[in-house]
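Each chain, written out:
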Amino acid sequence: MKRAVAAMKWLTRTSAIVLLVVVGSTILVRFAPGYFSDTREMDARYADVARAEMSMEAARSGSFPHLLFSEIGGWMRGDAGQSREYGIPVLDLIGPRLRVTGSLLLRALLLSWALAVCAALVSSAGRKPSLFWQAPATLLMAIPAAAMATICLLADRGGPVLVLALLLAPRDFKFLHRTLRKAWLDPHLLQARAAGIGRARLLRAHLLPSIAPQIGALASLSIATELSGLVPVEVIFNVQGLGQLAWNAALNRDLPVLLAVTMIMALAVIASGMAIDHPDQPGEWSSI
Amino acid sequence: MRHSSRLVVAFYMILAVLAGKTSGAQAASRLPGELVWAIGSDPKTFDPAQVDDQWSELVRYVTSGVLVRFNRLTQTVEPQLAESWTLSADGKTVTFKLRPGLRFSDGSGLTSRDAAWSIRHALLPASHAVVAEEFLSPGGVTVETPDLRTVIVHLPGRVIGIGKVFDEIAIEPANRPSQGRVTAGPFVVAEYRRLQYVRLRRNPYYYGRDAAGNSLPYASGIRLDILQDQEMQIRLFLRGEYDLINNLPPDYFELLKQKDSSSVRDLGPSLNTEQMWFNQAPESPLPGWEKSWFQSRAFRVAVSQAIHRDDLARIAYQGHATPAYTFISPANAAWYDRSVNAPHTDLAAARAGLADAGFHLSGNQLEDRENHPVKFSILTNAGNDARLKMATLIQQDLTALGMQINVVTLDFPALIERLMHTQDYEACLLGLANVDPDPNVMMNLWLSSSPNHQWNPSEKVPATPWEAEIDRLMKQQASSLKQAQRKIAMDRVQQIVADEQPFIYLVYPNVLLAVSPRLQGVQPAVLDPRLAWNVERLRLEGGR
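What you are looking at is a predicted structure, and each value in this text was computed from that prediction instead of being measured.

Reading the values: the criteria
Sequence order as written defines residue numbering, which begins from 1 separately in each chain. As they are written, the chains are lettered A onward and the ligands numbered 1 onward, keeping that order. Side-chain atom pairs in this predicted model are given and counted only at pLDDT of 80 or more, local residue features only at pLDDT of at least 70, and totals for whole chains, interfaces and linings cover all residues. Water and hydrogen atoms were dropped before computing side-chain values, which therefore reflect all heavy atoms in the structure. In DSSP terms, a helix is any run of H or I states spanning at least four residues, a strand is any run of E spanning at least two, and both are numbered starting from the N terminus. Throughout, radius of gyration means the C-alpha value; the globule benchmark is 2.2 Å times the number of residues raised to the power 0.38. Using a 1.4 Å probe on the protein chains alone, a residue whose accessible area is under 20% of its type maximum counts as buried, one over 50% counts as exposed, and one in between counts as partly exposed. Every residue pair with non-hydrogen atoms within 4.5 Å of one another is taken to be in contact. Only the protein chains shown count as cover for residues, and the accessible areas themselves come from Shrake-Rupley with a 1.4 Å probe. Under this rule, positive means Lys or Arg and negative means Asp or Glu; His and the chain ends count for nothing. Charge positions come from single atoms, namely NZ of Lys, CZ of Arg, CG of Asp or CD of Glu. One less than the number of residues in a helix, times 1.5 Å, gives the span that helix is expected to have. To be clear, the arc concerns the directions from the helix axis to the C-beta atoms. A pair of aromatic rings is counted whenever rings of Phe, Tyr or Trp (Trp by its six-membered ring) have centres within 6.5 Å, and the orientation is called stacked for planes under 30 degrees apart, edge-to-face for over 60 and tilted otherwise. Charge over a ring is defined by NZ of Lys or CZ of Arg lying within 6 Å of the ring centre and within 35 degrees of the ring normal. Definition of nonpolar core: a set of buried residues of the types Ala, Val, Leu, Ile, Met, Phe, Trp, Tyr and Cys, connected through side-chain atoms within 4.5 Å. Simply put, an axis is a line fit to the C-alpha atoms, just over the touching stretch for a helix, and the angle between two N-to-C directions goes from 0 to 180 degrees. Roughly parallel refers to an angle under 35 degrees, roughly antiparallel to one over 145, roughly perpendicular to one between 65 and 115, and oblique to any angle outside these ranges. The sense of a crossing depends on the near helix, which, turned anticlockwise from the far helix by less than a right angle, makes the crossing left-handed and, turned clockwise, makes it right-handed. Residues were grouped as follows: Ala, Val, Leu, Ile, Met, Phe, Trp, Tyr, Cys and Pro as nonpolar; Asp, Glu, Lys and Arg as charged; and all remaining residues, including Gly, as polar. By buried area we mean how much accessible surface two parts lose on assembly, using a 1.4 Å probe and totalling the loss over both. The term salt bridge refers to a side-chain nitrogen of Lys or Arg lying within 4 Å of a carboxyl oxygen of Asp or Glu. Strand pairing requires that DSSP identify at least two bridges connecting the strands.

*Asks:* When you look at the overall build of chain A in this model, what are you seeing that I'm missing?
*Replies:* Check the secondary structure of chain A and you find 11 helices and zero strands. In chain A, the succession of helices and strands from N to C terminus is α-α-α-α-α-α-α-α-α-α-α. Expected size for 288 residues packed as a compact globule is a radius of gyration near 19 Å; at 24 Å, chain A overshoots this value by more than 25%. Over its C-alpha atoms, taken along the principal directions, chain A stretches across nearly 85 × 60 × 25 Å. Within chain A, the fraction of its 288 residues that count as buried is 45%. Considering only contacts within chain A whose residues lie at least 6 apart along the sequence, 73% involve residues at least 24 apart. A total of about 14100 Å² of accessible surface is found on chain A, and carbon and sulfur atoms cover 70% of it. Across chain A, the mean location of the 27 positive side-chain charges is 16 Å away from that of the 19 negative side-chain charges.

*Asks:* Before we go on, may I ask you to explain the overall build of chain B in this structure?
*Replies:* Scanning chain B for helices and strands turns up 15 helices and 22 strands. Its C-alpha atoms give chain B a radius of gyration of 27 Å, near enough to 24 Å, the size a compact globule of 544 residues would have. If you line up chain B on its principal axes, its C-alpha atoms span 95 × 75 × 40 Å. In chain B, which comprises 544 residues, the share counted as buried stands at 54%. Restricting the contact set of chain B to residue pairs at least 6 apart, pairs at least 24 apart contribute 68%. Once the 55 positive and 58 negative side-chain charges of chain B are each reduced to a mean point, those two points are 8 Å apart.

*Asks:* Explanation requested: helix α5 (residues 131-142) of chain A in the structure shown.
*Replies:* Because an α-helix packs 3.6 residues into every turn, residues spaced three or four apart end up facing the same way. All names here are of chain A. Here α5 is 12 residues long and its end C-alpha atoms lie 16 Å apart, about the 16 Å a rise of 1.5 Å per residue gives. For α5, the set of buried residues is W133, Q134 and A137. The buried side chains of α5 occupy one side of the element, clustering within an arc of 90° when seen end-on. Structural note: α5 exposes L131, L139 and A142 on the side pointing more than 90 degrees away from its buried face.

*Asks:* What am I meant to see in the packing of aromatic side chains here?
*Replies:* What characterises a pair of aromatic rings is the spacing of the ring centres plus the angle enclosed by the ring planes. Going through the model one piece at a time under the given rule, you end up with 23 aromatic pairs over all chains. On the basis of an interplanar angle of 55° and a centroid distance of 6.0 Å, the ring pair of W446(B) and W455(B) is categorised as tilted. You can call W455(B) buried: its relative accessible area is 1%. With a centroid separation of 5.7 Å and 70° between ring planes, the pair formed by W446(B) and F503(B) is classed as edge-to-face. Within this pair, whereas W446(B) is found in helix α13 (residues 443-446), its partner F503(B) is found in strand β20 (residues 503-515), the two being separated by 57 residues in sequence. We note that W446(B), like F503(B), is buried. One aromatic cluster in this structure is built from W277(B), F327(B), W446(B), W455(B), W466(B), F503(B) and Y505(B). The ring of F31(A) has R30(A) lying over it, and the distance from NZ or CZ to the ring centre is 4.9 Å. Over the face of the ring belonging to Y35(A) we find R84(A), whose NZ or CZ atom lies 4.4 Å from the ring centre.

*Asks:* Help me understand the nonpolar core in this model?
*Replies:* A general feature of soluble globular proteins is that nonpolar side chains tend to end up buried together. Among the nonpolar cores identified, the biggest contains 67 residues, and L164(A), F237(A), L245(A), V261(A), L248(B) and L256(B) are the most heavily contacted of them. Considering every element that reaches this core, the biggest residue donor is helix α11 (residues 255-277) of chain A, with nine residues. Counting residues in each nonpolar core, the second largest holds 36 residues, with M276(B), A306(B), Y317(B) and A321(B) among its members.

*Asks:* Where do I start with the packing of helix α1 (residues 2-30) of chain A against helix α3 (residues 64-76) of chain A in this structure?
*Replies:* Helix packing for two helices is described by the angle between their axes and how far apart those axes are. Residue and element names in this part refer to chain A. It is at 11 Å that the axes of α1 and α3 come closest, and there the two elements cross at 135°. Here α1 lies oblique to α3, going by the angle between them. Crossing handedness for the pair α1 and α3: right-handed. Packed against α1, whose contacting residues are L19, V22, V23, T26, I27 and R30, the element α3 presents F64, L67, L68 and I72 at the interface. For the contact of α1 with α3, the class distribution of residues is eight nonpolar, one polar and one charged.

*Asks:* Help me understand the interface of chain A and chain B in this model?
*Replies:* How large an interface is tends to be reported as the accessible area lost when its parts come together. Counting from both sides, the interface comprises 48 residues of chain A and, opposite them, 49 residues of chain B. Of the roughly 4100 Å² buried between chain A and chain B, counting both surfaces, carbon and sulfur atoms make up 60%. Summed over the shared surface of chain A and chain B, the number is one salt bridge. Between R253(A) and D411(B) there is a salt bridge, with the nearest N and O atoms lying 2.9 Å from each other.

*Asks:* Explain the environment of S272(A) here, please?
*Replies:* All names here are of chain A. When you line up the elements, S272 lands in helix α11. S272 gets classed as buried once you look at its relative accessible area, which sits at 10%. Taking the C-alpha atoms as reference points, S272 and T14, separated by 258 residues in sequence, lie 12 Å from one another. Not counting chain neighbours up to four residues away, the residues in contact with S272 comprise S220 and I223.

*Asks:* Where do I start with the sheet that holds strand β4 (residues 82-87) of chain B in this structure?
*Replies:* Consider a sheet: its strands pair through backbone hydrogen bonds, and that pairing is either parallel or antiparallel. All names here are of chain B. Overall, antiparallel pairing links the four strands, which are arranged β4-β5-β7-β6 in an open sheet. Edge positions in the sheet fall to β4 and β6 (142-147), since each has one partner strand and no second. Going across the sheet, the axis of each strand differs from the next one's by a mean of 20°, ignoring polarity. Looking at chain direction, β4 and strand β5 (residues 93-98) are connected through five bridges and run antiparallel. The residue of β5 that forms the bridge with L87 is V94.

*Asks:* Even after reading the chapter, I still don't get the pattern of salt bridges, so can you show me in this structure?
*Replies:* If the charged atoms of two oppositely charged side chains come close together, the side chains can form a pair. All names here are of chain B. Scanning the model with the defined rule gives 23 salt bridges over all chains in all. We note a salt bridge from R72 to D167, for which the minimum N-O separation is 3.1 Å. On the criterion of sequence distance, the pair formed by R72 in the loop between β2 (68-71) and β3 (76-79) and D167 in the loop between α4 (162-166) and β8 (187-193) is long-range, its members being 95 residues apart. On the basis of relative accessible area, D167 is assigned to the buried category, the value being 8%. What you see here is one network of salt bridges that share partners, running through E34, E191, R193 and R199.

Below, the structure is given as C-alpha cells:
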C-alpha cells in the first residue's frame, strides 16, 4: 500500500512537472516576438507561400488555450505534431538526434567520471589538500561551457565530449575529493590503516561501499549539469543533437519541436532525480 | 609522492590525448571523384515544382534537366534539353524543339509529353509552384505536343523574360514525379540524411558532352553537407574537406586570404544591395512628429548625404564592397544607369537641407520645428557583423548632424514581425538579395500596393505622386515589347528613387568565394549558384 501511494505521489509530481514544462514552453514560444513571421516574407519570390503558411499557423494557434490543448492532446495520442521549420513529424526529427545526444552525454559522463575519480583518489590520499589538483579544478569551474568550446574550436583541439567532460569533471572531483577525505579520516579506517591494511583493500572493501549513496546522487546531478551545457556545446561544435535542435527551434519559433525537446530534457532530469529520491535508497552514511 | 606524480602525469596525458582529437563535423566520407561543399540548412523539398527556399533551389539547379538554361556567366538563355526555342512576334507562343534521343536517369526516354506534363504540373494550383506566378496568369497557359520532339506553350499574355522562366521548370517523367530521384539533369538525388547531407550521384544518361565528346558531368557525384556554422565551414575547407564556399563574409575572406591567398576570389560588386529606410507607414504606432520627419524628403536626403559610404565599404566590409546610390548594381550592366544623380556625401548640404525643412540645433542636439529632439533607432538583424558595423558607422555619421541614434539588433523572426506586421520601428538596415538581373523581378518591391513595399507596405492608393509614377513606370516596363523602352522606364525609376530616397542605398557587397586549388573547370559567376552554375564541368584534380 505504501509503495502504491509513493508511486502515485511520484507519478503526480512527474505529471505536474511535465505539464509545467509544456505550459511554460508554449507561453514562451507562442508569445515570443516573431511567432507569426517567416524570413521568407522578405523575399518577394517566396513571400506569398510564407504568408499562406503563416495564416494557417495563425488559425491553428490564434487562441492560446486552444493551442495548448491541441499540443497536449496530440502528445496524449502519441502525435508530437509537425515541425514548423522542417515540415516533418517531430518524432522523426528527434529520433536520430536523441541517439547522437545520448551517445555524447554518455561518453562525456564516462570520461568526466574517470578523470574525477582518478584525480580525487590521488588528491584525497595526500596529507594536505593539493593546490596541484584544486587550482585547475577551480579554474575550470569558472569557465563557461561556451567559452571552453570556443577555445577548443579556435585551437583546433578537443571536441564536444572533452568540453562536456571538463564541465563536469571539476565539480565531480571537488565533491569526491571532499567525500573521500572525510571517509579516509573515519576512525575505523584510520585504525585499519594503522593496522597495516593496504590502501587498495581499504578502498575496495570499506571506502567505496560507504560513499556509494553519495556517488549515486552525484551521478544524477551530473546529468543535470551536462544538460545545462548541451546547447552551447552542440551549437558551437555543430553536433547534430537535441541541443542544436532546441537552439534552432527557439530561433525559428518552432513550438512543436521545442516542446518535444524540453519535455525530453525534463524527463531526463526527473529520471536522474529518481536515484536520489527513491524511498528504498539508503540514507546518507546509513550503510556504514 | 612519486606514485602520485606518476598518476598526475598520466592524468594530463589522458587529457592531452583527448585534446588532440578534434571535433568531427564532416557528415560522411568522400566518395571517389565526389565534389563536396556545404549548404546552410536542409532543403525544404526535393520536388522541383515546390521549391520555395534557397537550398531546394540549389538542389533543383544541379539535378534538373530544363528546356533552356539561363547562363549565369553570359546572362543569356541557352538551349538545354531543347536544341532550339523560338518566341512568336507577339510574345505569346513559345516553341521548343527537343534534342533527339534524350533519356532520364533511369534510362527511360524523354519526350515532349514529359515536358508538357512537367509544365502543366508546375502551373497547377495544387503544386503551389513559385514559378507559376511568373506566368502572370498560369490558369490561361496551354501546352501542345504536336510530335514527340515539339512542345508549344501558349501564353495568355506576354511575359517578360519568358526564357528564364523555363529555367525553373524541371522536366520530370510524365505522371511519375520522383523528388529528384529520376531526372534529366547532370545529377540525381541518391541519398538524403536529414540535418547531415544530401548526396547526389552522376546521371549516366545526361545528354551533355564537352568539346572533346566526353560525357558530362565530370564529377561522380556531389555531397552537400548541411552546416550552418560558417567558421566550421572554413575549417573544413582549409583541411581540404570542402571544395568551395559560395558566399564568404568579408572577415572570413580575409582570414582565408591570410592562410592561402590563391583560394579566395573577389568578383567585385554583386547584384545585392544593403540599404536603410525609414518607416513611412501612416498606420505605424510612431508619434506623429516622427512620421512627419520620415515622410519628409529633405530629412531622408540629409541622412543620405551624411553617410560616408566609402567608410562603410572600407571598414564594415574590409574593402570588399562598393558604395551604392541606386538599386541596380554596376554588376548588372544591362540595367545600371550611370547617369543617375543621387545625393553623395555632403555634410554642409545635409545641414542646409535640414535647416530649410525647419530642423535646428539646440546645443549638439538636432530638433524639429516643434522642438522635438531627433532621436530614433535603427533596427537590424543579429548575426551579421558587417551590417552591425555599418549601423554603428551610420550612428556616428548622423551624430554629426545632431541626431541621436540607437542601434537595435533583433533575431530575424522578431525583426520581420516589426517590419511586416506591427510596423513598430523607426528605421531599418537590411540587405536585398537579387537573384535575377532583370528588374522586373523587383515588381513586388516597387509597386505601392505590395506587402514588400517596405517603407509603406500595401498602400491602397499610392501615398505620394512619385510612388504613383513608379507604379506606372514599373507596369509600363513589364508590358513593353521593346527593350529600349523598358530601359528608359527603369532609368526613370532609378532617378525617382535617387531623388526621393525611400531606400537609402549604402553598398553593394562584393561576391566573395573560396575555391579549392584542386577544383578544376571553375568559372565563377556573380549570379547564383555562383561557383556551381557550371557544375557539370567541375572536377577534382586527378578525376576523370
